[in-house]
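Structure at a glance
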Amino acid sequence: MNAAIHHIEYYLPTGTLTSEALTVEFPDWSVAKIEEKVGIKTRHVAADSECSSDLAVAAARKVFDSGAAKPSDIDFLLLCTQSPDYFLPTTACLVQDRLGLSKQCGALDFNLGCSGYVYGLGLAKGLIETGQASNVLLVTAETYTKFIHKSDRGVRTIFGDAAAATLLGVGIDDTARLGPFVYGTDGSGADNLIVRAGGMRLRQAPPESILDASLHMDGPEIFAFTMSQIPGCVRTLLTRTGMAIGDYDLFVFHQANRHMLEHLRKGLRIPEDKFYIAMEHCGNTVSATIPIALKHAQMEGRLWVGARVMLVGFGVGYSWGAVSIIWSGSLDKAVEVSQSMQISTQSSGPVMGAAPTREQVGIIDGGSLQ
Amino acid sequence: MDQANLLKSLDDLLELDPGTLTGSEELSALEAWNSLAVIGFMAIANEEFGVVVSPKKIAACTKVSDLVALLQAA
């Protein structure tokens, strides 16, 4: 049996921080400059009382509301977060209860940042293809804004809060849809993206270094890490798949910021029309950026059954990962498009019916809806 | 890329008129020289010279000419 992505939903908290609001606080910045450099207009910010579990539950409920699965179908919940509600218990346990998932459902948190979605897909694949689970709900949920000091305009400009929920199950045929994977880790970069205080090593920031309680990001060091590791990671994946850049229909990288993504895209010679960016409305939402972008790509008809997509996540740790996937899709916007073209689709149970084929959505070349 | 073109690239990066920088300027005196500009400089180094310049080496530079020397040594 082969694991496949069946459905993706995401949730953004209602509070927002616009580029206009940032320029009121930091008058020497302009909206145009912010949007040109980072490619973000709006960031969503969780309320004081709103935690990762709240965002996770909201995203997961959208999956159930879509009809893609019922809570009772889920037999494993994977939750990626670095901003858990509590040190303990595990946030996934809280979410299992609030969603009404079965008591026979496995649930665990894993602590990764911007690479988390790729790792989550790898874990889900392992659970499904070894027969340990049939329907895995992978949730990536972050409230990074709670870590950010109000005076740090750099990180306030980039990060937003969000959760994404991805339903994975057994694929509709024998096609291997998830993999191969490439993973990488370099803990020597830990100091460059860190919240120093709050854990066991430093329970509370001393008054003279109060910023230790906040998110610290050394932008140039993170950029250097990305330039050093990510092109090689992509090339390793290409070697493992035996594919070339031109063989892929879409590339979805972690939506870090526009400048970094453009630099990576140019360096890897990925055509602009195959390099998907969807961060203007929500910012860098850490491990939720890739599924959010996938959801938008699907809604725009940029994904179809059989589409070959490369996902690349990278960031805090340092940690990175890439995976080659063959899109299986689900019955949402992309299928609505195909239905309007008189294509019949039906679903049965938690494993969704097929999304449209490349031909059905009228894609001739370049991944655009004709 | 020769020194003149490097200086023009830095003019562009720092949103200065072409030909403004001569190399003798103190980086601390340039208003636009901030962390975003450092990242932009690293992007130029990577695109033009195929190297990843260490942010620590950039931080050790005090003048524009030090940045130029850093790239010419790449």
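A few points on the structure.

**Focus on the packing of aromatic side chains**
Counted under the stated rule, the structure contains nine aromatic pairs over all chains. Relative to F41(B), the ring of W33(B) has its centre 6.4 Å away and its plane inclined at 75°; by these criteria the two rings are edge-to-face. Taken individually, W33(B) and F41(B) each receive the classification buried, so the pair is uniform in this respect. Clustering of aromatic rings is evident, with ring pairs tying together Y119(A), F181(A) and Y183(A). The ring centre of Y10(A) lies 5.7 Å from the NZ or CZ of K62(A), which sits over that ring.

**Considering the nonpolar core**
The biggest cluster of nonpolar side chains holds 72 residues, and the ones touching the most others in it are V234(A), F253(A), F314(A), W33(B), F41(B) and I58(B). Among the elements that make up this core, the one with the highest residue count is helix α7 (residues 219-241) of chain A (10 residues). Two domains each donate at least three residues to this core, and these are domain 1 (3-170) and domain 2 (178-340) of chain A. Setting aside its immediate chain neighbours within four residues, I58(B) contacts W33(B), V38(B), F41(B), M42(B), V53(B), L67(B) and L70(B). Of all hydrophobic cores here, the second largest spans 37 residues; its members include A3(A), L178(A), V252(A) and A307(A).

**Focus: the pairing of strand β12 (residues 308-315) of chain A**
In summary, the side chains of a regular strand alternate between the two faces of the sheet. Residues and elements named next belong to chain A. Summarising burial for β12: seven of the eight residues are buried, a large majority. Bridging between strand β11 (residues 250-253) and β12 involves four bridges; their strand directions are parallel. From the neighbouring strand, L250 faces β12, where its bridge partner is V309. Bridge analysis of β12 against strand β13 (residues 319-326) gives eight bridges, and the strand direction is antiparallel. Following the sheet pairing, F314 is matched in β13 by W320. Counting the residues in the hairpin turn of β12 and β13 gives three residues, including G317, whose phi is positive at 145°.

Definitions and limits used
Residues numbered from 1 in each chain as written. Chains lettered and ligands numbered in written order. Predicted model: local features only at pLDDT ≥ 70, side-chain atom pairs only at ≥ 80, totals over all residues. Heavy atoms only, no water. Phe/Tyr/Trp six-rings, centres within 6.5 Å; stacked < 30°, edge-to-face > 60°. Buried < 20%, exposed > 50% of the residue type's maximum accessible area, 1.4 Å probe, protein only. Lys NZ or Arg CZ within 6 Å of the ring centre and 35° of its normal. Core = buried A, V, L, I, M, F, W, Y, C linked by side-chain atoms within 4.5 Å. Helix = DSSP H or I, 4+ residues; strand = E, 2+ residues; numbered from the N terminus. Domains from an automatic or database assignment. Contact = heavy atoms within 4.5 Å. Pairing = 2+ DSSP bridges.

In short, shape yes, function no, at least from these values alone.
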